[in-house]
There are 4 protein chains.
Amino acid sequence: MEKSKTPTPSNNLGFDNKVDSGKKRTINPDGSFNIIRKNNFWQEFSLFRLAITCKWRIYWIIVLSVYLILNFLFAFIYYNIGAENISGITGNNCNQFWQCFFFSLQTFTTVGYGGLHPLGMITNAVAGFEAFLGLMTFALATGTLYGRFSRPEAKIKYSNNVVVSPYGNEGKALMFMLCNNSKGNLVELSAKINFSWVDIDVHGNSLRKFEVLHLELDKISMLALTWTIVHEINEESPVYKFTPEDYIKKDVEIFILITAYDDTFAQIVHSRSSYTATEIIYGAKFKRAFYTNDDGLQVLDVSNIGEYEKV
Amino acid sequence: MEKSKTPTPSNNLGFDNKVDSGKKRTINPDGSFNIIRKNNFWQEFSLFRLAITCKWRIYWIIVLSVYLILNFLFAFIYYNIGAENISGITGNNCNQFWQCFFFSLQTFTTVGYGGLHPLGMITNAVAGFEAFLGLMTFALATGTLYGRFSRPEAKIKYSNNVVVSPYGNEGKALMFMLCNNSKGNLVELSAKINFSWVDIDVHGNSLRKFEVLHLELDKISMLALTWTIVHEINEESPVYKFTPEDYIKKDVEIFILITAYDDTFAQIVHSRSSYTATEIIYGAKFKRAFYTNDDGLQVLDVSNIGEYEKV
Amino acid sequence: MEKSKTPTPSNNLGFDNKVDSGKKRTINPDGSFNIIRKNNFWQEFSLFRLAITCKWRIYWIIVLSVYLILNFLFAFIYYNIGAENISGITGNNCNQFWQCFFFSLQTFTTVGYGGLHPLGMITNAVAGFEAFLGLMTFALATGTLYGRFSRPEAKIKYSNNVVVSPYGNEGKALMFMLCNNSKGNLVELSAKINFSWVDIDVHGNSLRKFEVLHLELDKISMLALTWTIVHEINEESPVYKFTPEDYIKKDVEIFILITAYDDTFAQIVHSRSSYTATEIIYGAKFKRAFYTNDDGLQVLDVSNIGEYEKV
Amino acid sequence: MEKSKTPTPSNNLGFDNKVDSGKKRTINPDGSFNIIRKNNFWQEFSLFRLAITCKWRIYWIIVLSVYLILNFLFAFIYYNIGAENISGITGNNCNQFWQCFFFSLQTFTTVGYGGLHPLGMITNAVAGFEAFLGLMTFALATGTLYGRFSRPEAKIKYSNNVVVSPYGNEGKALMFMLCNNSKGNLVELSAKINFSWVDIDVHGNSLRKFEVLHLELDKISMLALTWTIVHEINEESPVYKFTPEDYIKKDVEIFILITAYDDTFAQIVHSRSSYTATEIIYGAKFKRAFYTNDDGLQVLDVSNIGEYEKV
């Protein structure tokens, strides 16, 4: 009986410690998981989640498509009930269909000029329902628009690399840098860094290991300029005996979770990212990304975040 | 004088420790409480709570009913004021009532084609009020729609069973498994498990007992794949001396509370569930619910969550 | 030099310890503060706060008044521009004013039947602005309606009294009882109780003292039935030497702050209350407010919360 | 190799410890950062953030401008398609343009009187799109209006000065005072104070230092009246050896972060402020800002907050 037969996570990231050859990175740099999910499409599907997380381009395509499809549908219904039930429609058949469509547009948006207006029971009833549906549809659009805008995101800019820098007295440290990439204020930030590497156990099996890195400072009150997150590589550190080559050989992956409070939206926000071995620079240090100008004001140049020099 | 005469909860679940014969499970698997509440209907009633928690089918029935009832009401008012006060109404009495109804629809939705339009003081005033009421009603609908969509729910899929598995070196553990059942990311999860059973005290009285189970890992940073929650059955465990038969005999009930942070909605969400004795499998272990495919990507098959094999 | 000359709060309630004769209770039973605030009317004024916290009756009066006042204003403007600029207006002067008013209603609500419609530059421009203003006003109404509904309130029903009950082995305890008074679920509740009384110091000065009471259980995971909050009156308790008369004489006031997580709205909610000396019953215990019915379901009778019997 | 070469923050405020001559205060009294950000305009730009944080005057200018610009644009389009495609347009060219504009207003706001209504395919299609755009624009306005109103802000009034007061037995303390400046209730408040000054190290370099001040009371349950935040200047205090002149000479800056829970909006709110050396009064104490009136009610005069007398 072995413990390892039951797939318990061996770490606090909800990942597995089995090493499959050729496995790709688990977290993308933008924080999304590199995982395929099967057999749960409908359970997982949430129109609202889609509508507030998709790109703006997609959003407008969805909204406009719904608008056009519903109106063509109603135009078709009005045309089949009979164009003669809409006062003001003239001309030949094709023309009549388009006038039904315009009548539908005017009803759905509740513009209702009246140049076209319904006659008879059925057309009136359908028009009454369409106006109701139109208002509910725009209620939905209002909700999703607000949902999109008010969704807080910690827009944090990370350095492109982790550096291994000289630190303190003869020591070394893993460091990466970040700054706020939005106009809003971030306060009460905290960082949690997980370090993951592949180890060979006594039986020669590859096992992925995870350890939380101890940080020089894991909480700051405000993020006014930049924050350089520092893990000192001392004897307690899992990285202590790593040579520069080991980072690649042991397939190192560093997972970052930043939690902060966004002042504008008054909500707690998270930002995730990760670095792989190739993004670690050995023997370098970051340059300062800000300076004091002639007026005595501090200037932060966001494009300088993560610039480093070799030491 | 006995302490037990005052009904203090003996546990942190707000439940009672008195054992009434034939008592049903206290928490349903979907997390709702199996409790009847009396004499507080109106105090408790909240239209908004109902509107955002009811099923979609019920929601649309309510919204459409309100729409139709209000419009019939106004049609009735217009008809009684006199259909001659609406310009454009023609035909016999029955027809006139329906035209009042359509005029009402066009006013309530603010379509206002104008084919029908009000004349005279009273009809004009009523129509002005109806348009106001219509806009407020759709404001309400907008609010409830947004409330429904933006309400965060931790959609967590639990294994159907708790298993008692071999664990570590000759040991045993209670385990159940869960995964995220929505497209959004869950981070900073924590689990609290309450174990409840019926005990016989020295006087022969049945008493329900509650204890919080100690977990191998009660917090994880992210839920990327699955999380197997493990309680080792060691000497400190309340389950230590339970034989397989005891689970049924002692009417075991396991209460689960999962807390997480939903990344999409930026809010903390909770998920509750429970297992009863019949859902506990003795001597089994869970199968792994994911694998690495040929492209090096991890694939999670949600339908496999909770599959176990006997050991 | 004395410490007491600077008005520092001597406690964690932000109250003062000076005892003024005839002072009234500081917190009302509904949780509001019994304090008058001066010289900050405009700084403090927030229309939105008013609109979402006022009674429903007040809310509707405000909304309807704004609607009517704005429309009378615009009617007045249209009338002064000249009723002849609105097509469809007929009759004498008084009649013309009312038709301007109805035209305004139809514009503000964007019904726009068209039986009345604007002619000429100025009337058209004013109407265009009125329609804009109308839409913004209803946007505001939508926001405040949603704000009112979505504002989470911990609707907790407290017992009318605090009882001093026999407790444990020869001991005594202060107890009060509460239950959830809404259909939503409350989870992760915590209680903080401040006990306040007037003491005479060595110089014979009256000083109000505050102390946090130690509770048998100050956190519960879920509030399914009732929660009896218990402070054991042992040697560490500030109440230890109080005789039944002392409660009145020392002007005892008990402040309660309950924090919980509301499942429906996914937000943390607070409930405040207080008891004064006259609401403390010496030598009584609460009756159980629930029972198991014939179907094995537990029934909670909310109207029984706080019923006690003398011991 | 020196530690100081890598720009790590030496403190929990995310500021730098390098002292540049002529540097201005880092946090303004209103809580905003006195920092210029470069090269990230578009990354940082968020229309919603702007719309909910700008002044009301700016907000209304933006909304009205968008409304007018879009309508002039559509007027231009209708005019170029040909005014003869709008039924009801009469008069000369200039007049026709303005009637196109009014037709656009009536379409955008969905008033649609019908006195003007579209004829022909193109004008009808454009009008259908304009009505859609109008509804989406007002959906946006609804969202931003709600966003503006529901954004919780801790409206806290701080004393204009920090005083150094006699405290306890022969001691001294730094003190400042605050009160709630809104009608809503603030509960569960906590304060974090950072003290910053310029020090000369052994090599004669100026270095800015930061230290968190220990407070007599750093959390209160409710803010009913005023809260005087007190840091005792004892041997552990960084201020212990400061003479009154040192405050100016060492360029003292005090950073304040208040966190509270706003009862009305059920959200956690933050308030930031700062004091510079010139705002510190040596040898003074605050007057009490409240009193009990003849009816036994406590009266808080907000305009008295921060009044002090020399001692």
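Residues numbered from 1 in each chain as written. Chains lettered and ligands numbered in written order. Predicted model: local features only at pLDDT ≥ 70, side-chain atom pairs only at ≥ 80, totals over all residues.

**Describing helix H3 (residues 56-82) of chain C**
One turn of an α-helix holds 3.6 residues; hence residues three or four places apart share an orientation.
Line of reasoning, step 1. Under the 1.5 Å per step criterion, the end-to-end length of H3(C) is 39 Å for 27 residues, consistent within 8% with the ideal 39 Å.
Line of reasoning, step 2. All of the buried residues along H3(C) are C:Tyr67, C:Asn71, C:Phe74, C:Tyr78 and C:Tyr79.
Line of reasoning, step 3. Contacts made by the buried residues of H3(C) are with helix H5 (121-150) of chain B together with strand S2 (86-87), helix H4 (93-108) and helix H5 (121-150) of chain C. (Helix = DSSP H or I, 4+ residues; strand = E, 2+ residues; numbered from the N terminus. Expected span 1.5 Å × (residues − 1). Buried ≥ 20, exposed ≤ 12 C-beta atoms within 10 Å, placed from the backbone. Contact = placed C-beta atoms within 7 Å.)

**Some thoughts on the interface of chain A and chain B**
Line of reasoning, step 1. The interface of chain A with chain B comprises 59 residues on the first partner and 57 residues on the second.
Line of reasoning, step 2. Elements represented by at least two residues in the side of chain A that touches chain B include exactly strand S1 (35-38), helix H1 (41-44), helix H2 (47-53), helix H5 (121-150), strand S7 (186-200) and strand S12 (267-276) of chain A.
Line of reasoning, step 3. Broken down by element, the residue count for the side of chain A that touches chain B peaks at 13 residues, all from H5(A).
Line of reasoning, step 4. Class assignment for the residues of the side of chain A that touches chain B results in 21 nonpolar, 26 polar and 12 charged.
Line of reasoning, step 5. Direction of pairing for S1(A) relative to strand S16 (residues 298-301) of chain B: parallel, over a ladder of four bridges. Bridging across to S16(B), A:Ile36 finds its partner in B:Val299. (Nonpolar A, V, L, I, M, F, W, Y, C, P; charged D, E, K, R; others polar. Pairing = 2+ DSSP bridges.)

**Here we look at the domain arrangement of chain A**
Line of reasoning, step 1. Along its sequence, chain A is organised into domain 1 (44-150) and domain 2 (153-310).
Line of reasoning, step 2. If you average the C-alpha positions of domain 1 of chain A and of domain 2 of chain A, the two centres end up 51 Å apart. (Domains from an automatic or database assignment.)

**Notes on the confidence of the model for chain A**
The predicted coordinates of low-pLDDT regions are not to be read in fine detail.
Residue and element names in this part refer to chain A.
Line of reasoning, step 1. This prediction gives chain A a mean pLDDT of 83; 87% of its residues lie at or above 70.
Line of reasoning, step 2. Mean pLDDT across the secondary structure elements of chain A bottoms out at H1, with 63, and peaks at helix H3 (residues 56-81), with 95.
Line of reasoning, step 3. Throughout residues 1-10 the model reports pLDDT below 50, and contacts reaching past four residues in sequence, or to other chains, amount to 23 contacts.
Line of reasoning, step 4. For this predicted complex, the interface confidence comes out at an ipTM of 0.78, alongside a pTM of 0.82. (pLDDT = per-residue confidence, 0-100.)

**A short note on the sheet that holds strand S15 (residues 290-292) of chain C**
Line of reasoning, step 1. Overall, mixed pairing links the three strands, which are arranged S1(B)-S16(C)-S15(C) in an open sheet. Both edges of this open sheet fall to strand S1 (35-38) of chain B together with S15 of chain C, since each of them pairs with a single strand only. Ignoring which end each strand starts from, the neighbouring axes of this sheet average 25 degrees apart. (Axes fitted to C-alpha atoms, helices over the stretch in contact; angles between N-to-C directions.)

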